[in-house]
Amino acid sequence: MMTVDYKDVNATAMEEARKRIRVTKTTQRHIKDVDFNDLVFGKYYADHMLVADFDGKEWRNAEILPFQKLSVSPANAAWHYGQSIFEGIKAYKDQEGRPMIFRPHANFERFNLSAERMAMPPVPEWLFVGGLGMLVGLDRDWIPASEGSSLYLRPFMIAADEFIGVRPSETYKFVVINSPAGAYFNKPIRLLVQDKYFRAFPGGIGYAKAAGNYGGAMYPTMEARKQGYDQILWVDGVEHKYLQECGTMNVFVIIGNKAITPDLTQGTILAGVTRSSVMALLEDLGLTVEERPVSIDEVVAAWKAGTLREVFGTGTAASVAYVEQLTYGEHDIRLDTSRYETGAEVIRRLDAIRTGKEADTRGWNYHID
């Protein structure tokens, strides 16, 4: 496999971004109004945002400007037909206080994969990666310093045509906003496995980070929360038994000395950036990592046999979230998360790499000068 030197890629993307992205700095900073010791995920937004327009042929009007509302027509095609995709990325500071973004190229590639599936134009690297670098560099003071916190970056693209008709939009708007964030889950979570509702089917858009995937999951998740659960662990829509993913996370089960996570071959599961990062770290720990179909029956059997060691979810927002309860029909699996040695070491190593405490041997961090 060819090794990509992201230092050179980053420099090229940033150089092009600085040539093409205008910057209008805010005159009214509001960082003093935020309590960084009590951050609620998704509540506060940094001083600036990045916007750009696709005119049907090319991306134009790229600008970083003060965070503000967007003016959008009621006839906007995104409202009516769902052409809307997004990503979640995090920025941290290293031990010298320099800002860096964790694996933006992986999100860049996945964003354009989602765009292709939703009949939307690709976003160029100078705009996505270079633009993120410029924006984080400008809003670096918004990166929290407390353990477990980060600056959450939300790039998204929506259709922009003012036209009510079922066809792909010809124009689009790309936006990036920043949000200082604490932990998404501040305690172990409880999952409900149910086979009444389904998130995705082969041939659908399950692998895309499209807004509709999340909208369709809200009612079943709301019902699960009424029963005391935090998320649904979805199963496949064909045989109704193979694990898929949670509402905001991929899932891993540790059985014996094997770490198993559902495979991506059916196109029904999001290819998580944190997922792939955790897979690499699990291999570093000496575990056998298997990407394959894993049924809920296999998990139940392992629990009964005493070989189910850990279950945890992974995602950009959630990072690594321990699962303390997994309920499937009459089976109520309870796990002692205080004994999660593998998950604890994965969290430690992931946090250490993302904050520069340990060497980044894989080139995951995008350092911003």
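Residues numbered from 1 in each chain as written. Predicted model: local features only at pLDDT ≥ 70, side-chain atom pairs only at ≥ 80, totals over all residues. Heavy atoms only, no water.

In the nomenclature of an unreviewed UniProt entry, the chain is known as Branched-chain-amino-acid aminotransferase of Chitinophaga japonensis. Under Function (unreviewed entry), UniProt gives the following word-for-word description of the chain: "Acts on leucine, isoleucine and valine." A UniProt comment under Sequence similarities (unreviewed entry) is attached to the chain, and it reads "Belongs to the class-IV pyridoxal-phosphate-dependent aminotransferase family." (UniProt positions renumbered as here; feature names shortened; annotations may be inferred.)

**Student:** Which parts of the structure should I look at to understand the packing of aromatic side chains?
**Tutor:** Geometry of an aromatic ring pair is reported as the spacing of the ring centres plus the angle between the planes. Enumeration according to the criterion identifies 18 aromatic pairs in this entry. Ring centres of Phe54 and Tyr172 lie 6.4 Å apart, and the angle between their planes is 55 degrees; this geometry places the pair in the tilted category. One end of the pair, Phe54, is in strand β2 (residues 48-54); the other, Tyr172, is in strand β8 (residues 172-181), and 118 residues separate them in sequence. We note that Phe54, like Tyr172, is buried. Look at Phe108 and Phe128: their rings are 5.7 Å apart centre to centre, the planes differ by 50 degrees, and that puts the pair in the tilted class. In this pair, Phe108 sits in helix α3 (residues 104-117) while Phe128 sits in helix α4 (residues 125-138), placing the two residues 20 residues apart along the sequence. Looking at Phe108, the relative accessible area reads 13%, which means it is buried. For the cation-ring pair, Arg190 lies above Tyr229, with the distance from its terminal atom to the ring centre recorded as 5.3 Å. Above the plane of the ring of Phe102 lies Arg354, whose end atom (NZ or CZ) is 5.8 Å from the centre. (Phe/Tyr/Trp six-rings, centres within 6.5 Å; stacked < 30°, edge-to-face > 60°. Helix = DSSP H or I, 4+ residues; strand = E, 2+ residues; numbered from the N terminus. Buried < 20%, exposed > 50% of the residue type's maximum accessible area, 1.4 Å probe, protein only. Lys NZ or Arg CZ within 6 Å of the ring centre and 35° of its normal.)

**Student:** Would you take a moment to explain the domain arrangement of the chain for this structure?
**Tutor:** Many descriptions give the size of an interface as the accessible area lost when the pieces come together. Taken domain by domain, the chain comprises domain 1 (6-183) and domain 2 (189-353). Domain 1 and domain 2 are separated by 28 Å when their C-alpha centres are compared. With 19 residues of domain 1 at the interface, the matching set in domain 2 holds 19 residues. For the pair domain 1 and domain 2, the two sides together bury roughly 1,600 Å², of which 61% comes from carbon and sulfur. By the criterion of area lost to domain 2, the three top residues of domain 1 are Phe86, Arg110 and Arg117, representing 38% of everything that side buries. Across the contact surface, domain 1 and domain 2 share 0 salt bridges. At the junction of domain 1 and domain 2, the tally comes to 12 residue pairs in polar contact (both at pLDDT 80 or more). Counting only elements with at least two residues in the side of domain 1 that touches domain 2, the list comes to β4 (84-86), β5 (89-93), β6 (99-102) and α3. It is α3 that provides the largest number of residues to the side of domain 1 that touches domain 2, a total of 6 residues. Of the residues contributing to the side of domain 1 that touches domain 2, the split by class is 10 nonpolar, 4 polar and 5 charged. (Domains from an automatic or database assignment. Contact = heavy atoms within 4.5 Å. Buried area = accessible area lost by both parts, 1.4 Å probe. Salt bridge = Lys/Arg side-chain N within 4 Å of Asp/Glu carboxyl O. Polar contact = N/O pair within 3.5 Å; in protein donor to acceptor, adjacent residues only side chain to side chain. Nonpolar A, V, L, I, M, F, W, Y, C, P; charged D, E, K, R; others polar.)

**Student:** What am I meant to see in the nonpolar core here?
**Tutor:** With 55 residues, the main nonpolar core has Ile21, Trp59, Ile101, Leu127, Phe128, Met157 and Phe174 as its most contacted residues. The element contributing the most residues to this core is α4, with 8 residues. Counting residues in hydrophobic clusters, the runner-up holds 46 residues, among them Val299, Val323, Tyr340 and Val346. (Core = buried A, V, L, I, M, F, W, Y, C linked by side-chain atoms within 4.5 Å.)

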